[in-house]
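# Report on the structure
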Amino acid sequence: MANLRVGPRLTRVQQKARDKGNRDRRLWQKTYTPGGFLLRAREVFGKTELQLAALALKVDRLRMEGLVPELRAVSAGKFVMGKDSSPLLQPDNLPVGEITISRPFDIGRYEVTNREFEVFVRLRGYENEEYWSAEGRVWKKEQSSDITGPKWWETGEHNSGPNSPHYPVVGVTYYEAEAYCNWLSRVTRQKFRIPTEAEGEWAAREIDGREFPWGNEWDPSKVASGTRGSQPVSFHPEGGSHFGAEDLSGNVREWRSDWYNAKGYDPKALVDPQGPPAGMANLYKVVRGGSMLNTDRDSFTTYRRACSRPQDRNYYSGFRVVREK
Ligand SMILES: [Ca+2]
């Protein structure tokens, strides 16, 4: 009988190597979904985050984008921040001043989603202290049990957790949002952070000083409002801003990096304002945009301010990122 075997005879060692190569290829194909790649690579190959980051960047930079929230470009520019002629005048909206945003930046098209935040959680971002500010580490230590994810992450309440991938992440303190940005910066070697109040208002308001991100007319159909729970982030594209960021008003309210001063803005801080310095009895961070719990138009104006303690975890609060250029 003729020998029907095709190809050279493989030694046992070569067969093992071939089988392992096939397994790795299958695994690679299976896990090559955005974000999923890093998760599986860590679980299966036991690589550190920095090794993974280097690998991901080397292998395919474009696919890495799946890890990064979708972004929209925002130009530098000047705009009038604050409001002095609202029927419901808020003293914290004063003084009105022309603000310069000196550098263009990118802003998240949407609020950060559970799906995006899940990568941070599963890569043990909560356990890795280097992503956390000193205040964030203190907050974690003060909790009665170890914090390994946002509030309601495990139970799935309030559209939280991995079973609600396209909903905004909620139940995160300012510190958790900040740690996520630090982690994302480390993994991508780019600079991500929480927007300043001025950056967020500029991204929503643009040069024409509009009342709402989409224009001057109040239209509740353009905003996630008056619902008991949050909505998936892509539900209101018609409510997007000039720069293409959506849900800047409504859905979940969003952390800003500035400390809040109820007496208003610093009249001298006119170029890239950062808010009042820490340590001046500031207990609250700025939050912006109103949430799905609100129904009145004023909550959704581009200039309306609100505040929250940085350690607060609410089901109507989340955040979005900016990326520096
Ligand atoms: Ca929002």
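Please read these numbers as outputs of a predicted model, since none were measured by experiment.

Moving on to the sheet that holds strand S4 (residues 105-108). Across the sheet, which stays open at both edges, the four strands sit in the order S1-S4-S10-S5 with antiparallel pairing between neighbours. Each having just a single partner strand, strand S1 (71-74) and strand S5 (192-193) make up the two edges of the open sheet. Where S4 and strand S10 (residues 322-324) come together, three bridges link them in antiparallel fashion. Pairing of Phe105 across the sheet is with Glu324, part of S10.

Take helix H5 (residues 114-122) next. All of the buried residues in H5 are Asn114, Glu116, Phe117, Val119 and Phe120. Immediately downstream of H5, the backbone of Arg124 shows phi near 65°, a positive value.

A separate point is the confidence of the model for the protein. Taken residue by residue, the protein gives an average pLDDT of 86. The fraction at 70 or more is 81%. In this model residues 28-34 is a low-confidence stretch, pLDDT under 50, and it forms seven contacts with partners more than four residues away in sequence or in other chains.

Take Glu206: it is sitting in the loop between helix H8 (197-205) and strand S6 (253-259). Each C-alpha atom of the pair Glu206 and Thr302 lies 9.7 Å from the other, and the pair is 96 residues apart in sequence. Apart from the residues within four sequence positions on either side, Glu206 is in contact with Phe79, Ser241 and His242.

What counts and what doesn't
- Residues numbered from 1 in each chain as written.
- Predicted model: local features only at pLDDT ≥ 70, side-chain atom pairs only at ≥ 80, totals over all residues.
- Pairing = 2+ DSSP bridges.
- Helix = DSSP H or I, 4+ residues; strand = E, 2+ residues; numbered from the N terminus.
- Buried ≥ 20, exposed ≤ 12 C-beta atoms within 10 Å, placed from the backbone.
- pLDDT = per-residue confidence, 0-100.
- Contact = placed C-beta atoms within 7 Å.

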